[in-house]
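For reference, the chains in residue letters:
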Number of protein chains: 4
Amino acid sequence: MTQNISSKPVRQRVTRTRVALTDALLALLEERAQEHITIRDITTRAQVGYATFFRNYPDKEALLHDLAADEINRLLTMTLPLFFGVDSESSCRALCAYVWEHRKLWTGLLTGGAAPTLKQEYLNQALRLLDEPDQSKSWLPGDLAVTFAVTAIIEILAWWLKQEHPLAVKDMAETLNRLAVQPIMSTERGPSGIKKP
Amino acid sequence: MTQNISSKPVRQRVTRTRVALTDALLALLEERAQEHITIRDITTRAQVGYATFFRNYPDKEALLHDLAADEINRLLTMTLPLFFGVDSESSCRALCAYVWEHRKLWTGLLTGGAAPTLKQEYLNQALRLLDEPDQSKSWLPGDLAVTFAVTAIIEILAWWLKQEHPLAVKDMAETLNRLAVQPIMSTERGPSGIKKP
Amino acid sequence: MTQNISSKPVRQRVTRTRVALTDALLALLEERAQEHITIRDITTRAQVGYATFFRNYPDKEALLHDLAADEINRLLTMTLPLFFGVDSESSCRALCAYVWEHRKLWTGLLTGGAAPTLKQEYLNQALRLLDEPDQSKSWLPGDLAVTFAVTAIIEILAWWLKQEHPLAVKDMAETLNRLAVQPIMSTERGPSGIKKP
Amino acid sequence: MTQNISSKPVRQRVTRTRVALTDALLALLEERAQEHITIRDITTRAQVGYATFFRNYPDKEALLHDLAADEINRLLTMTLPLFFGVDSESSCRALCAYVWEHRKLWTGLLTGGAAPTLKQEYLNQALRLLDEPDQSKSWLPGDLAVTFAVTAIIEILAWWLKQEHPLAVKDMAETLNRLAVQPIMSTERGPSGIKKP
DNA sequence: CTCTAATCGAGACGGTACGTCGCGTCTTACG
DNA sequence: CGTAAGACGCGACGTACCGTCTCGATTAGAG
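Worth saying up front: this structure is predicted, and the values here are computed from it rather than measured.

(A) View of the overall build of chain A. What chain A contains, in helices and strands, is 9 helices and 0 strands. Put simply, chain A has 197 residues, and 49% of those count as buried. Expressed as a percentage of contacts within chain A between residues at least 6 apart in sequence, the contacts between residues at least 24 apart total 67%.

(B) Inspection of the protein's contact with DNA strand F at higher detail. The environment of DNA strand F is made up of 33 residues, and the closest members are A:Thr52, C:Tyr50, D:Thr17, D:Gly49 and D:Thr52. Each atom of DNA strand F within 4 Å of the protein was classed as base or backbone; sugar and phosphate made up 58%. One of the side-chain N or O atoms of D:Thr52 is found 2.5 Å from a phosphate oxygen in DNA strand F. When contributions to the surface near DNA strand F are tallied by element, the ones reaching two or more residues are α3 (50-56) of chain A, α2 (39-45) and α3 (50-56) of chain B, α3 (50-56) of chain C together with α1 (8-29) and α3 (50-56) of chain D. Classifying every residue of the surface near DNA strand F gives 14 nonpolar, 9 polar and 10 charged.

(C) A look at the confidence of the model for chain A. Residue and element names in this part refer to chain A. Within chain A, residue pLDDT values average 83, and 80% of them lie at 70 or more. Low pLDDT, under 50, characterises residues 1-7; the predicted model gives this stretch 13 contacts beyond four residues in sequence or across chains. Here residues 190-197 is a poorly scored stretch, pLDDT under 50, and it has 15 contacts once near neighbours within four places are set aside; other chains count.

(D) Highlighting the environment of D:Leu127. All names here are of chain D. Take leucine 127: it is sitting in helix α7 (residues 115-131). The exposure class assigned to leucine 127 is partly exposed, which follows from its relative accessible area of 29%. For the pair leucine 127 and leucine 28, spaced 99 residues apart in sequence, the C-alpha separation works out to 29 Å. Those residues in contact with leucine 127, other than ones at most four positions away along the chain, are Asp143 and Val146.

(E) View of the domain arrangement of chain A. Residue and element names in this part refer to chain A. Looking at chain A, the domain boundaries give domain 1 (8-58) and domain 2 (63-184). Counting residues at the interface gives 12 residues for domain 1 and 12 residues for domain 2. In total, about 1000 Å² of surface goes out of reach between domain 1 and domain 2, with carbon and sulfur atoms giving 75% of it. Remark: the boundary between domain 1 and domain 2 carries 1 salt bridge. Between glutamate 30 and lysine 104 there is a salt bridge, with the nearest N and O atoms lying 3.9 Å from each other. Put simply, domain 1 and domain 2 have 3 residue pairs in polar contact (both at pLDDT 80 or more) between them. The dominant element in the side of domain 1 that touches domain 2, judged by the number of residues it contributes, is helix α1 (residues 8-29), at 5 residues. Per-class residue counts for the side of domain 1 that touches domain 2 are 8 nonpolar, 2 polar and 2 charged.

(F) Inspection of the protein's contact with DNA strand E at higher detail. What surrounds DNA strand E is a group of 37 residues, the closest being A:Tyr50, B:Thr17, B:Gly49, B:Thr52 and C:Thr52. Protein-proximal atoms of DNA strand E, defined as those within 4 Å of the protein, fall in sugar or phosphate at a share of 63%. B:Gly49 is positioned such that a nitrogen or oxygen atom in its backbone is 2.7 Å from a phosphate oxygen of DNA strand E. Taking D:Ile39, its main chain carries an N or O atom lying 3.1 Å from a phosphate oxygen of DNA strand E. Elements with a contribution of two residues or more to the surface near DNA strand E: α3 of chain A, α1 (8-29) and α3 of chain B, α1 (8-29) and α3 of chain C together with α1, α2 (39-45) and α3 of chain D.

(G) A look at the packing of aromatic side chains. Summed over all chains, the structure comprises 18 aromatic pairs over all chains. Summarising the aromatic geometry, the rings of C:Phe53 and C:Phe54 are spaced 5.4 Å apart at their centres and angled 75° between planes, so their arrangement reads as edge-to-face. Here a set of aromatic residues connected by ring pairs shows up, and it is made of A:Tyr50, A:Phe53, A:Phe54 and A:Tyr57. For A:Arg18, the ring lying beneath its charged end belongs to A:Tyr57, and the centroid distance is 5.3 Å. The positively charged end of D:Arg40 is found above the aromatic ring belonging to D:Tyr50, 4.2 Å away from the centroid.

(H) Fine view of the environment of B:Ala173. In this structure, B:Ala173 sits in helix α9 (residues 169-181). For the pair B:Ala173 and B:Gly142, spaced 31 residues apart in the sequence, the C-alpha separation amounts to 23 Å.

(I) Quick peek at the side chain of D:Glu71. Within the secondary structure layout, D:Glu71 lies in helix α4 (residues 60-83). When its relative accessible area of 5% is taken as the criterion, D:Glu71 is described as buried.

Conventions we followed
Residues numbered from 1 in each chain as written. Chains lettered and ligands numbered in written order. Predicted model: local features only at pLDDT ≥ 70, side-chain atom pairs only at ≥ 80, totals over all residues. Heavy atoms only, no water. Helix = DSSP H or I, 4+ residues; strand = E, 2+ residues; numbered from the N terminus. Buried < 20%, exposed > 50% of the residue type's maximum accessible area, 1.4 Å probe, protein only. Contact = heavy atoms within 4.5 Å. Near = heavy atom within 4 Å. Polar contact = N/O pair within 3.5 Å; in protein donor to acceptor, adjacent residues only side chain to side chain. Nonpolar A, V, L, I, M, F, W, Y, C, P; charged D, E, K, R; others polar. pLDDT = per-residue confidence, 0-100. Domains from an automatic or database assignment. Buried area = accessible area lost by both parts, 1.4 Å probe. Salt bridge = Lys/Arg side-chain N within 4 Å of Asp/Glu carboxyl O. Phe/Tyr/Trp six-rings, centres within 6.5 Å; stacked < 30°, edge-to-face > 60°. Lys NZ or Arg CZ within 6 Å of the ring centre and 35° of its normal.

Here it is in structure tokens:
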């Protein structure tokens, strides 16, 4: 994602290194927050030379973005129908179930300093989906809707994963739906409250 | 806020220094993001010795928190009625109007790296208000409600201030109300949509 | 010694402060080396305001010099006959006896970083004595003789005080005499050894 | 000398850096006293990064010791016979001649604050020579003899190099011999004077 | 016995140097 | 050729101490 590598065998090696780095960062993210992970930590854990890191990524952020892009991409396939309003409830349930399944990973991603990067990547991908069919008929600017929904989702998930006694997946899904998704779904402009005719 | 200084004349000097530092940081925040402001930048701008910074604050975060606490405190007095549900619409309007009035300051606070600190301080103060009358009758855990609302408010305001052609105060207030406030107000538990009898 | 104070009563107070500072430094010198004693240490120990130090001495060196001058002055009254060659043996004995009596103090003075200052003061006072009757008839330049003797005395005493099982005063006196005093006493120029006709 | 570096190519670079630092310090010592040379001065002059200094030496003293050890080592090869009493006169001459030849360097070493370090290193190396054949037959403890001789030599040389019109090498050699060497050579214990049978 | 001025305590402050940490670059040897 | 190993330049950090400063409290001698 960061560089274009042409020759095939090289790409393999490069890929192997990147995977090692990504895995190392993931492992470390489950131990401590992103700000307290140094590049040396990552390369040591990845069994990779220090300088090698910079041949693959310009800096720590880039690796994190790559990692985040991957994870968000996976997550988004769960969330996609959500943005087309087909059945937001079950979309939310799918999303929560997925996160819960990988909660150790997502705890690392969302409760350390990596959250902003995650959010950024989530936003990027969501906004890209939005671009094509610009349905400006809503009372709400599209990018604000996405920004709001993504932030809310991230934040609510983070809150969830931080709890000592986390709520059930089903309850979280409903909460997510009511707080993050429903508010951007209502189509008409009303005085202040939300009417359902 | 960070230390208690006893003797009066000294406190004056200390206060002067802290004000200088706070003002300097505020000014710099309007120029560039928090991560790109060094402590030396602050002290230079504040016409204060470098070491003096550390006599007043343990690190940059502490100063930022002090500053954020002040600003949030001011903001909260606008927002207070909002959390008691009296009239969320006009509360939102007051809040938006206030932010708009000081939009240069708040642009610095919300669009640089300072936003997390701001949010944290907002949360702290809001949660403190929540503590006393713990109305757990809601379907929504109180701290999640606050976390959601605060995050949403911050995020929406940040989006607003980043726009080239920002919406009118009135419209933003309504948006804020519908996205950040109303969702946590509905008291009953419903299937998925939001009903208004 | 450092400033001229006019009014008499003031001088008393000043003197009291200086005595307190001097005593404090002396006490600290018995604990640790001069380089590791800060001015704040001294003023704290002396029960004196930090700034007051600078009202009496321009810096730590000045206080040390004052202190050294006093102690050396006392020591020199023991050593004086030594430089007029009357009876170097008994002069050495007197000197060693005196140092031994105050060995705790002199250990502090000679084995910490204060030794150079001590030596300097010793030199100053000894050279001042030398000035008047400039007997250049010796084969040895007067100031070199004094420099040598003083350094040797200081060094030998320092060695003595550092020993776990120090030699007797009598033995040290003889050693001092043979190493530091006799070598500058022989008046004629000889091939290499020292003749006694 | 401070660390053992294993890999060969690295050692080359390290060595280059250390040489640069040593040379820079030497050059600076000929300009001003050690206490007034900051580490930044040294690194700037050596065209080396500030932090790199600390990768090679824990502090300024360590560099000075390394440097002193080198120079003393060179000097000691001149002085060695001196300590075995073969021919102290010509040993002294050799020593003085050597110092005179490099008098600019040695002026820096001996008349700035570096002298104590030099002396210490001289002592270390001389005492190490003393260790093996501990000839305790002398009336004088071996370590005192060495301490005295070394101090005296250093001091006399320092005096020499500080003179505006320095004495001839020959004369200094004799002085050195009579003041610093002969006194520790006489083997028997006498009343006070020095007898030559 | 009070009044007044010098001195003192307390400690904040500007400044310099230190030593540390992490980043990103660079060199060198090796597979 | 590309990679591991790790030294290096750089810049920010936080600490320690110095010497200066301001300001209220103390105190001692003069009236």
